[in-house]
Amino acid sequence: MAELVFHTGPMDCGKSTLALQMDYTQSQHGRKGRLFTRQDRSGRPAVTSRLGLAREALEVDDSFDFWTFVIRELTTGKRVDYLICDEAQFYLSEQVDQLARIVDELQIDVYAFGILSDFRTKLFPGSQRLVELADRTETLPLGPLCWCGQKGTHNARTIGGQMVTEGSQVAVGDTVGDDEIRYEVLCRLHHRRKVTKAKAKATLSPDPLPFDNEDWA
Ligand SMILES: Nc1ncnc2c1ncn2[C@@H]1O[C@H](COP(=O)(O)OP(=O)(O)O)[C@@H](O)[C@H]1O
Ligand SMILES: Cc1cn([C@H]2C[C@H](O)[C@@H](COP(=O)(O)O)O2)c(=O)[nH]c1=O
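The structure contained in this document is the topic of the report that follows.

What counts, and where the lines are drawn
- Residues numbered from 1 in each chain as written.
- Chains lettered and ligands numbered in written order.
- Predicted model: local features only at pLDDT ≥ 70, side-chain atom pairs only at ≥ 80, totals over all residues.
- Heavy atoms only, no water.
- Near = heavy atom within 4 Å.
- Polar contact = N/O pair within 3.5 Å; in protein donor to acceptor, adjacent residues only side chain to side chain.
- Areas by Shrake-Rupley, 256 points an atom, 1.4 Å probe, with all protein chains shown as cover.
- 1 Å grid on protein atoms, 1.4 Å probe; cavity = no way out; pocket = protein on both sides within 12 Å on 5 of 7 lines; lining within 4 Å.
- Sits in = over half its atoms within 2 Å of the grid points.
- Nonpolar A, V, L, I, M, F, W, Y, C, P; charged D, E, K, R; others polar.
- Pairing = 2+ DSSP bridges.
- Helix = DSSP H or I, 4+ residues; strand = E, 2+ residues; numbered from the N terminus.
- Core = buried A, V, L, I, M, F, W, Y, C linked by side-chain atoms within 4.5 Å.
- Buried < 20%, exposed > 50% of the residue type's maximum accessible area, 1.4 Å probe, protein only.
- Contact = heavy atoms within 4.5 Å.
- Points joined across faces, edges and corners; volume = space filled by probe spheres on them.
- Domains from an automatic or database assignment.

### Remarks on the site of ligand 1
- Taken together, Met11, Asp12, Cys13, Gly14, Lys15, Ser16, Thr17, Ser49, Arg50 and Leu51 form the complete shell of residues around ligand 1.
- Ser16 is positioned such that a nitrogen or oxygen atom in its backbone is 2.9 Å from an oxygen atom of ligand 1.
- Within the side chain of Arg50, an N or O atom sits 2.5 Å from an oxygen atom of ligand 1.
- When ligand 1 sits alone it has 580 Å² of accessible area, and the protein chains cover 62% of it.
- The pocket occupied by ligand 1, as judged from atoms lying within 2 Å of grid points, is the largest pocket.
- Class assignment for the residues of the shell around ligand 1 results in 3 nonpolar, 4 polar and 3 charged.

Dropping the structure here:
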């Protein structure tokens, strides 16, 4: 039986790396796949991992129809055994419905990868639909740590170094670099208290990180 599997976790937990590893492993066994992404950080239609791996992919925009695409591939004699769908949080919920139909009616495996929730802790529509429809939702076992040393679970957005809790849901960005808009993965406690690493450092210095300070812990 083909499967729709949603691999999720916060930013920087290895989703794109796993997507590329799955594609590699499957293709080593002669299976033919297609890679998709939407608004990758690189600005290119590609699946890119912070470990340095990258592969070209097909860009999914609002008008893209997975069902029509796969039917066209099959009816022109091409083989499709699986789809790898990165940055799936940005997909429309109708597109996730198309992915489920592909699994059920064409027996093609779909492996989707994406973050569950945004910087306000609200679900992305694409991720919500994946959780609703997937045969399995898997949370990646490894992930970034909050500055306090706890497991990082929640994505924070910073603008000019300040954590924000309002703004548009989509703003492509990274957890490293010096762009105005950045992300930082925090534990729930520090996300809720809006204590980023920079804020903790400014407030609590000169203690070394990770802090074990009563004030914030
Ligand atoms: N130089 C490095 N050496 C080892 N592992 C690294 C290095 N850089 C990044 N990583 C690993 O890659 C992970 C991020 O992978 P990536 O696929 O880009 O994440 P995601 O797609 O979930 O945002 C990090 O959590 C870390 O485990
Ligand atoms: C939390 C959050 C993230 N994004 C963007 C930022 C990145 O471009 C991607 C996540 O990429 P990753 O491969 O998982 O690191 O999503 C966003 O647009 N809005 C948000 O709230």
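Now that the structure has been shown, the text picks up again.
### Notes on the sheet that holds strand β2 (residues 33-37)
- In spatial order, the strands read β5-β2-β6-β7-β1-β8; together these 6 strands make up an open sheet with parallel pairing. In this open sheet, the two strands that pair with only one neighbour each are β5 (58-59) and β8 (136-139).
- Bridge count between β2 and strand β6 (residues 82-85): 4 bridges; the pairing is parallel. In the sheet register, Gly33 faces β6, and the bridge partner there is Tyr82.

### Considering the nonpolar core
- By size, the foremost hydrophobic cluster in this structure holds 25 residues, and its most contacted members are Phe36, Phe66, Leu83, Cys85, Tyr91, Ile102 and Val110.
- Of all the elements in the fold, those that place two or more residues in this core are β1 (4-8), α2 (66-75), β6, α3 (93-106) and β7 (109-114).
- Sequence-distant contacts of Leu83, defined by excluding residues within four places in its chain, comprise Arg34, Phe36, Phe66, Val70, Leu99, Ile102, Ile108, Asp109, Val110 and Tyr111.
- Counting residues in hydrophobic clusters, the runner-up holds 11 residues, among them Val5, Leu35, Tyr111 and Phe113.

### Concerning the layout of surface pockets
- Size it by volume and the largest pocket reaches roughly 450 Å³.
- As for the largest pocket, its lining consists of 32 residues, and the residues nearest its centre are Met11, Lys15, Arg41, Arg50 and Glu87.
- Contributions of two or more residues to the lining of the largest pocket are made by α1 (15-28), β7 and β9 (154-159).
- Broken down by element, the residue count for the lining of the largest pocket peaks at 3 residues, all from α1.
- Its residues assigned to classes, the lining of the largest pocket comprises 12 nonpolar, 11 polar and 9 charged.
- For the lining of the largest pocket, the two domains that each supply at least three residues are domain 1 (1-142) and domain 2 (144-202).

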